[in-house]
Amino acid sequence: MSIEGDDYSSAPPDTPHLRSTENWQNIFENWGQWSTAAGKRKIMEMLCTNRGIPSGVRGRYWFMASGAHELMRRTPNAEGLFDKLAVMPPTEHERVIRADIDRTFAHHPIFSNSPYLQDSLYQLLNAYCHMDDTMGYTQSMSFVGAMLLLHLPLEPAFWTFATLCRRHMDSLYKEEFQQVIRDSAIFRILAKKHYRRIERSMTDLNLHPTLLVIRWFFPIFLTTIPWQHSLRLWDIFVLDGMITLHKCGLLLLKYLKPRLRIIRTVSDIAVLQQPPKDIFPEPHVFAAHLISDFITWKDIMDAEREVVSNPDKYTL
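Every chain's residues receive numbers from 1 upward, in the order its sequence appears when written. Totals for whole chains, interfaces and linings use every residue, but because this is a predicted model, local features are given only for residues with pLDDT of at least 70 and side-chain atom pairs only at 80 or more, for both listing and counting. Think of the side-chain values as coming from all heavy atoms in the structure, minus any hydrogens and water.

### Topic: the packing of helix α3 (residues 55–66) against helix α14 (residues 227–240)
Packed helices, taken two at a time, are described by the angle between their axes plus the distance between the axes. Using the following cut-off: The angle between two axes is taken between their N-to-C directions and runs from 0 to 180 degrees, where each axis is a line fitted to C-alpha atoms and a helix contributes only its stretch in contact. Helix and strand assignments follow DSSP, with helices taken as H or I runs no shorter than four residues and strands as E runs no shorter than two, numbered in order from the N terminus. Oblique is the label for every angle not falling under 35 degrees (roughly parallel), over 145 degrees (roughly antiparallel), or within 65 to 115 degrees (roughly perpendicular). Note: crossing handedness is left-handed where the near helix turns anticlockwise from the far helix by less than a right angle, and right-handed where it turns clockwise. The contact definition used throughout considers only heavy atoms, calling two residues in contact when any of these lie within 4.5 Å. Any residue that is not Ala, Val, Leu, Ile, Met, Phe, Trp, Tyr, Cys, Pro, Asp, Glu, Lys or Arg is counted as polar, Gly included; the first ten are nonpolar and the last four charged.
Viewed as axis vectors pointing N to C, α3 and α14 meet at an angle of 25°, and their least axial separation amounts to 7 Å. Taken together, the axes of α3 and α14 are roughly parallel relative to one another. In this structure, α3 crosses over α14, and the sense of that crossing is left-handed. For the pair α3 and α14, the contacting residues are Arg58, Tyr61, Trp62, Ala65 and Ser66 in the first and Leu231, Trp234, Asp235, Val238 and Leu239 in the second. Classifying every residue of the contact of α3 with α14 by side-chain character gives seven nonpolar, one polar and two charged.

Listed below in structure tokens is the structure:
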């Protein structure tokens, strides 16, 4: 699924934009200096400017910020590994992968009309199933792979995909559904802290947060928020990880709060699953909201400890 009628455009390459591109190229060439906490914070601030990261270097930024270059360095015989994996026979996930590719970015003007990109997505997903057969394939992975292929060549997209799956998304994409329930419970605790009335209404209607986590987190919000906001979210997510998804979910509740003080009907639930585009601020303002400290890693860890300490309370 995609958001029909969305704005998939990029900023025009004017002179200030080109100067910004050169700045980012210098950052990539000296990435080690930007990998400190202070360096990452500075990058976060740069991502929240009105222009943000230039579209022409966004793919390389995702590759570097995710740590894909480090995964390649640590993996034995990494050179040529993707080419070997990509031509291996189909896995048990073949049917689901093929079906998901047909549904991925159905309204995107480039991806939906590119047999090359769709075939590349199949190669990427099939290769990863062989690379990590303990994780295999989970629905929504196709959106993540497609997003990367829209910004990176096939092999760097594969390594970035592998890094995101292992570094940030392993708790969601592993077959043990208990991990998904745990992440859902963490989100429920955070939602109760910030938006108690909405959380209580969800509980009264037996709307388990797992439904929202699957809808929102699994495709990294690509089927939920506008395209330009998705780009900003991804810019931050590749650097900061799962906390970004929790923040985005809570921001959706914040943006919807004036319309959704109490959830009463199924249509209200539908608004949670597919929020109207007019609730969102400008993309750079949204990015600034995402990097703010309204929740921290300490909040995430405290919530996780509560879930682990009360397993019977946080179940389906």
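### So, helix α8 (residues 141–149)
Each α-helix turn comprises 3.6 residues. Residues three or four places apart therefore point the same way. Filter applied, for reference: Note on classification: 1.4 Å probe, protein chains only; a residue is buried when its accessible area is under 20% of the maximum for its type, exposed when over 50%, partly exposed between these limits.
Within α8, nine of the nine residues are buried, leaving the element largely enclosed by the surrounding structure. Buried within α8 are the following residues: Met141, Ser142, Phe143, Val144, Gly145, Ala146, Met147, Leu148 and Leu149.

### Observations concerning the packing of aromatic side chains
Our working definition: A pair of Phe, Tyr and Trp rings is counted when the ring centres sit within 6.5 Å of each other, with Trp represented by its six-membered ring. The angle between the planes then sorts it: under 30 degrees is stacked, over 60 is edge-to-face, the rest tilted. Geometrically, a lysine NZ or arginine CZ counts as sitting over a ring once it is within 6 Å of the ring centre and also within 35 degrees of the ring normal.
Taken as a whole and assessed by the stated rule, the structure comprises 18 aromatic pairs. Measuring from centroid to centroid gives 4.9 Å for Phe82 and Phe158, while their planes differ by 40°, and the two rings are tilted. Of this pair, Phe82 sits in helix α5 (residues 81–86) while Phe158 sits in helix α9 (residues 154–167), and the two are 76 residues apart along the sequence. Like Phe158, Phe82 is buried. An aromatic cluster of at least three residues, connected via ring pairs, comprises Trp24, Phe28, Trp31 and Tyr61. Seen from the ring of Tyr122, Arg98 lies directly overhead, with NZ or CZ sitting 3.6 Å from the centre.

### A closer look at the pattern of salt bridges
As a reminder of what qualifies: The term salt bridge refers to a pairing of a side-chain nitrogen on Lys or Arg with a carboxyl oxygen on Asp or Glu at a separation within 4 Å.
Summed over the entire model, instances satisfying the criterion amount to eight salt bridges. Where Arg58 meets Asp235, a salt bridge forms, and the shortest distance between an N and an O atom there is 2.9 Å. On the criterion of sequence distance, the pair formed by Arg58 in helix α3 and Asp235 in helix α14 is long-range, its members being 177 residues apart. Arg103 is the salt-bridge partner of Asp100, the closest N and O atoms lying 2.5 Å from each other. Here Asp100 and its partner Arg103 are both found in helix α6 (residues 94–103), three residues apart, which amounts to about one turn of the helix. By relative accessible area, which is 44% here, Arg103 ends up partly exposed. Beyond isolated ion pairs, a larger network of salt bridges with shared partners links Lys298, Asp302 and Arg305.

### Some thoughts on a positive patch on the surface
Quick note on the threshold: Patch definition: residues above 30% relative accessible area lacking any salt bridge, with like charges linked at up to 9 Å and the nonpolar side chains Val, Leu, Ile, Met, Phe, Trp and Tyr linked at up to 5 Å. Residue-level accessible areas treat just the shown protein chains as cover; the underlying method is Shrake-Rupley with a 1.4 Å probe. In this tally Asp and Glu are treated as negative and Lys and Arg as positive; neither His nor the chain ends contributes. A charged residue contributes its charge at one atom only: NZ of Lys, CZ of Arg, CG of Asp or CD of Glu.
Among the surface-exposed residues, Lys192, Arg196, Arg197, Arg200, Lys257 and Lys313 lie close enough to one another that they form a single positively charged patch. Take Arg196: it is sitting in helix α12 (residues 196–204).

### Details of α14
For clarity, the threshold we go by: Multiply 1.5 Å by the residue count of a helix minus one, and that product is the helix's expected span.
Taking 1.5 Å as the rise per residue, α14 with 14 residues should run 20 Å; its terminal C-alpha atoms sit 20 Å apart, in good agreement. Within α14, 12 of the 14 residues are buried, which leaves the element mostly enclosed by the surrounding structure. Within the sequence span of α14, burial applies to Trp227, His229, Ser230, Leu231, Arg232, Leu233, Trp234, Asp235, Ile236, Phe237, Val238 and Leu239. Elements that come into contact with the buried residues of α14 comprise α2 (37–47), α3, α8, α9, α15 (243–256) and α17 (283–291).

So, to be careful, I would describe these as geometric facts and stop short of saying anything about function.
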